[in-house]
Amino acid sequence: MGRFDTPYFGLVGVVLVAAGAVSVLLGLTGGSLEYWPLAIAGPFSIWRGAVVLAAGAFYLTAVNGRITNREDEALVFMGSLMIWIVGGMEVLSILLGAIPGGPEVWIAGPTEFLAAIAPPYSPSVLAIPLSLPAFRYAEEDVVTVLKRLFSGEN
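Residues numbered from 1 in each chain as written. Predicted model: local features only at pLDDT ≥ 70, side-chain atom pairs only at ≥ 80, totals over all residues. Heavy atoms only, no water.

**Regarding the packing of helix H3 (residues 70–98) against helix H5 (residues 123–131)**
Argument step 1. Running from amino to carboxyl end, H3 crosses H5 at an angle of 135°, the nearest separation of the two axes being 8 Å. Classified by the interaxial angle, the pair formed by H3 and H5 is oblique. Between H3 and H5 lies a crossing of left-handed hand. Touching Ser80, Ile83, Trp84, Val86, Gly87, Gly88, Glu90 and Val91 of H3 are Ser124, Val125, Ala127, Ile128 and Ser131, all from H5.
Argument step 2. Looking at side-chain class alone, the contact of H3 with H5 contains seven nonpolar, five polar and one charged residues. (Axes fitted to C-alpha atoms, helices over the stretch in contact; angles between N-to-C directions. Helix = DSSP H or I, 4+ residues; strand = E, 2+ residues; numbered from the N terminus. Parallel < 35°, antiparallel > 145°, perpendicular 65-115°, else oblique. Left-handed = near helix turned anticlockwise from the far one by under 90°. Contact = heavy atoms within 4.5 Å. Nonpolar A, V, L, I, M, F, W, Y, C, P; charged D, E, K, R; others polar.)

**Here's the deal with H3**
Argument step 1. Here H3 spans 41 Å end to end across 29 residues, near enough to the 42 Å set by a 1.5 Å rise per residue.
Argument step 2. Of the residues making up H3, those classed as buried are Asp72, Glu73, Val76, Phe77, Gly79, Ser80, Ile83, Trp84, Val86, Gly87, Glu90 and Ala98. (Expected span 1.5 Å × (residues − 1). Buried < 20%, exposed > 50% of the residue type's maximum accessible area, 1.4 Å probe, protein only.)

**Side note on the packing of aromatic side chains**
Argument step 1. Counted under the stated rule, the structure contains six aromatic pairs.
Argument step 2. Centre to centre, the rings of Phe9 and Tyr59 are 5.2 Å apart; their planes meet at 70°, and the pair counts as edge-to-face. Here Tyr59 lies in helix H2 (residues 45–64) and Phe9 lies in helix H1 (residues 2–29), a separation of 50 residues in the sequence.
Argument step 3. By the ring-pair criterion, three or more aromatic residues cluster together here, those being Tyr8, Phe9, Tyr59 and Tyr137. (Phe/Tyr/Trp six-rings, centres within 6.5 Å; stacked < 30°, edge-to-face > 60°.)

This is the structure we're talking about:
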């Protein structure tokens, strides 16, 4: 199972550890970094960076075991779950922040809305698509849980 997953999640893990470390460092020093699709700034960059760093560490720990057993798969899935929570919160913040239109208009028009949701994004948002292959590890478990939930089995 780990034939193609190991190098992929290894590379993503290295990128996440680097992005998380830079984010924590910039958060501690009060600095910021903006390079077109990526922006690291703000008061919450320390904890967002810590979560991204930890998710990358989970990936790298799983890669050490070559993602051959269920524990390694769980590490990858938990790291991805961390990314989805922090990145999802950031996406929701971006979307909800783009809706108000200002003092004269209650809701922003399409042009203003699209301008407000345009890049740059935080590392956690950019990592969401990279972490989606981890769903593969939970596929059978999710199907089983949903069957039990809707059929009333215990």
